[in-house]
Amino acid sequence: MSEPTQAGPAAAQPPAPASFTDPASASTAEPLIAELAALGPFFAALTHPDDAPPREPWRSMGELAHDPAVLGERIAAVRGFLAAGGGQRPDAVEERVAASVAHLGLVARLVSPALAVAVLGGAAPTGVSLARLRWQPTLGGPWPLSLPHSAVTVGADADADADPERLADALARHVLDGPVRELADAVAPWRVSPHILWGNTASALNGAATMLAAARPASAARVRAVTALLLDRPPLAGTSTTAAPPGRAFRRRSCCLIYRAAPDRAGALCGDCALDRPE
C-alpha cells in the first residue's frame, strides 16, 4: 500500500528536534501518540505546535500542493528509486508510474494515523490541511510525519464508543476531502487519473485497516465498520469491489501501475490489484 521497499531499517522514525515540541500542549496528545508509535511505522507520528513553522529537517507538506517543483522532486526521487531496484536508468520508468507510486506512499502515511486516531481516540483529526502537516522526504521506509497537536489532542467531544457512522463522516470531511484530496489534485497533472489516485487511497485505507485490526483485536469490528463506510461513500465509492468484511478479500478496481516499473514492464502485481486474477 505504499512505495516499494518501505519495510526496512529506514522505516524507523528519527527523534524530533527539541524545539519542535511544546510541552504545555503536548501532554494531552502523548497517550495517543504513544498508541500510534506502538502500531508501527505507517502509523507513527510526532507532533508540533499548531502554528509553529517547520524547522530543518522538517518541511511543510503544503509545498507538495502549492509548488509543482517540490512534488516533481519527490516523483523524480521515487522514479530513480524504482529504476535502481530493477537495474535500470531512471528514464526507463514512466514518469506517471513514479507519480502514482509516490502518491500511494504519501497517502498511506496520511490515512493510517488518521484512521487510528479516529478509532482509538474516539474523534477524527481536524484541521489537518497539508500546510499544517510536516514531513521529512526520505525514501526506503515510511517517512517521518508530524501532526499539529490539535489533531491528536483528545477533546471533550471524543468518545471511545463513538458511532462508526459519525467517525466515517468526520474522516471523509476532514481527511479525505482535506489533505488527501489536496494531494490527489496535485498529482493529477502527472497524467495519473482520478480513478487510479482514489484507488490508491482506497488501497492505503484498507491496508491501514488490516494492520490496525490485527494490532488491536478489541477494536477490529469498529475498524472494519468505519472502513466499510468510507469505502462505500464519495470520494471512495466505486474504487473497490468490497469493503473487505470478514471472509472476503478487498480488491481495488484500478492498478497503482507499479508493475510497469520493472524491466519489460513485467513486475509483480499487488495482492489487491484489479489486474490480478486469483484462481
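Residues numbered from 1 in each chain as written. Predicted model: local features only at pLDDT ≥ 70, side-chain atom pairs only at ≥ 80, totals over all residues. Heavy atoms only, no water.

Quick question: what am I supposed to make of the overall build of the protein here?
Along the backbone of the protein there are 9 helices and 4 strands. N-terminal to C-terminal, the α/β element order of the protein is α-α-β-β-α-α-α-β-β-α-α-α-α. Out of the 279 residues in the protein, the part that is buried amounts to 50%. Contacts spanning at least 24 positions in sequence make up 75% of the contacts within the protein whose residues lie at least 6 apart. With the model as given, the accessible surface of the protein reaches about 11700 Å², and the carbon-plus-sulfur share is 56%. (Helix = DSSP H or I, 4+ residues; strand = E, 2+ residues; numbered from the N terminus. Buried < 20%, exposed > 50% of the residue type's maximum accessible area, 1.4 Å probe, protein only. Contact = heavy atoms within 4.5 Å. Areas by Shrake-Rupley, 256 points an atom, 1.4 Å probe, with all protein chains shown as cover.)

Would you mind showing me how to read the pattern of salt bridges here?
Opposite charge on two side chains allows them to pair when their charged atoms are near. Applying the stated criterion to the full structure yields 9 salt bridges. Among the salt bridges present, the one from R216 reaches E35, with a minimum N-O distance of 3.1 Å. Taken together, the positions of R216 in the loop between α8 (194-215) and α9 (220-231) and E35 in helix α2 (residues 30-39) put the pair 181 residues apart, joining distant regions of the chain. On the basis of relative accessible area, R216 is assigned to the partly exposed category, the value being 23%. A relative accessible area of 30% means that E35 is categorised as partly exposed. One connected set of salt bridges, linked through shared partners, spans E94, R260 and R265. (Salt bridge = Lys/Arg side-chain N within 4 Å of Asp/Glu carboxyl O.)

What is the right way to read the pairing of strand β4 (residues 145-148) from this model?
Walk down a regular strand and you will see the side chains alternate between the two sheet faces. In terms of strand pairing, strand β1 (residues 46-48) meets β4 through 3 bridges, oriented parallel. Bridge pairing links H48 to P148 in β4. Where strand β3 (residues 134-135) lies against β4, 2 bridges are found, and the strand directions are antiparallel. Within β4, the residue paired with W135 across the bridge is L145. (Pairing = 2+ DSSP bridges.)

Help me understand the sheet that holds β4, please; the structure alone is not making it clear to me.
By way of backbone hydrogen bonds, the strands of a sheet pair with one another, either parallel or antiparallel. In space, the 4 strands of this open sheet follow the order β1-β4-β3-β2, with mixed pairing throughout. In the strand order of this sheet, the two ends are held by β1 and β2 (59-60), each with one partner.

I'm lost on the confidence of the model for the protein in this one. Help?
Low-pLDDT stretches of the model should not have their predicted coordinates read in fine detail. Confidence in the prediction for the protein averages 86 pLDDT; 84% of positions are at 70 or higher. Note that residues 2-26 has pLDDT below 50 and, in this model, 62 contacts with residues that lie over four places away or in other chains. (pLDDT = per-residue confidence, 0-100.)

How should the environment of P164 be read in this particular structure?
By the element assignment, P164 lies in helix α7 (residues 164-187). Each C-alpha atom of the pair P164 and R224 lies 9.3 Å from the other, and the pair is 60 residues apart in sequence. Setting aside chain neighbours within four positions, we find P164 in contact with R222, A225, V226 and L229.

Would you mind showing me how to read unusual backbone geometry here?
Both trends apply: most residues other than glycine have a negative phi, and most peptide bonds are in trans. Here the bond from E56 into P57 is cis, since omega is 10°, no more than 30 degrees from zero. Looking at the secondary structure, you find P57 in the loop between β1 and β2. Going from P234 to P235, the amide bond is cis rather than trans, its omega being 5°. Mapped onto the fold, P235 is located in the segment after α9. Even without being a glycine, R191 presents a positive backbone phi close to 60°. Tracing the sequence through the fold places R191 in the loop between α7 and α8. Even without being a glycine, L257 presents a positive backbone phi close to 80°.

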